[in-house]
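Fold and geometry: a report
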Amino acid sequence: MSSPSKRREMDVMKLMMSDYTVEMINDGLSEFNVEFHGPKESLYEGGVWKIRVELPDAYPYKSPSVGFVNKIFHPNVDELSGSVCLDVINQSWSPMFDLLNVFEVFLPQLLLYPNASDPLNGDAASLMMKDKKLYDEKVKEYCERYAKKEHISKSKAEEESDEDDISEEECGSSDDDIPGHADP
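Residues numbered from 1 in each chain as written. Predicted model: local features only at pLDDT ≥ 70, side-chain atom pairs only at ≥ 80, totals over all residues. Heavy atoms only, no water.

Under an unreviewed UniProt entry, the protein chain has the name E2 ubiquitin-conjugating enzyme and belongs to Arachis hypogaea.

Quick look at the structure:
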């Protein structure tokens, strides 16, 4: 391989030519989203996630940054940011790995074998250890609510708008109750 940029191009092209839908962000090859399907015979089967990938300048010598864009209930995925806690990506990365490894091996393994003892989502880890049946139900509920094809095709603004609607309904708030605004 002559340079990291050639390797980056080759890895991104391999991913695009595989069964994955890749959506480039901006003009370069350093940021993109990938459509990822939950592994068969898992709690996540049938779920579809948009995975945000950012390749550092030193890729493949430095690992990619990988995160879920739409929500997932999993001990090793931060519920708010979508960040992934995965040793092979975060600490054990090697230039021998490529982007296909991330989507064909590492992420499926993460979903098949969650590690509740090293959580980014403490609620998911706690529920998984205390009540596996309830944990399984919550995973499936998240898949239904947030991980369908239509959820990944929404724009970020639409998702935020939906979340605003939900939070306002749940809180029972209205524009009249906004703190810091004087009554007319």
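A separate point is the overall build of the protein chain. Within the protein chain one finds seven helices and four strands. Ordered by position from N to C terminus, the α and β elements of the protein chain give α-β-β-β-β-α-α-α-α-α-α. Long-range contacts, defined as pairs at least 24 residues apart, comprise 56% of the intrachain contacts of the protein chain with a sequence gap of at least 6. (Helix = DSSP H or I, 4+ residues; strand = E, 2+ residues; numbered from the N terminus. Contact = heavy atoms within 4.5 Å.)

This part is about the environment of P39. Locating P39 in the fold gives a position in the loop between β2 (31-37) and β3 (48-54). For the pair P39 and L110, spaced 71 residues apart in the sequence, the C-alpha separation amounts to 9.9 Å. Apart from the residues lying within four places of it in its own chain, the contact partners of P39 are Y44, E45, P108, L111 and L112.

Examined against the element boundaries, A116 turns out to sit in the loop between α3 (99-112) and α4 (122-130). Each C-alpha atom, one on A116 and one on L127, is 9.2 Å from the other, the two residues being eleven residues apart in sequence. Here A116 is in contact with P75, A125, M128 and M129, once residues within four sequence places are set aside.

Cis geometry marks the peptide bond from Y59 to P60; its omega dihedral reads 10°. Structurally, P60 is set in the loop between β3 and β4 (65-68). You will see that N26, though not glycine, has its phi angle at about 60°, which is positive. For E41, which is not glycine, the phi dihedral falls at a positive 60°.

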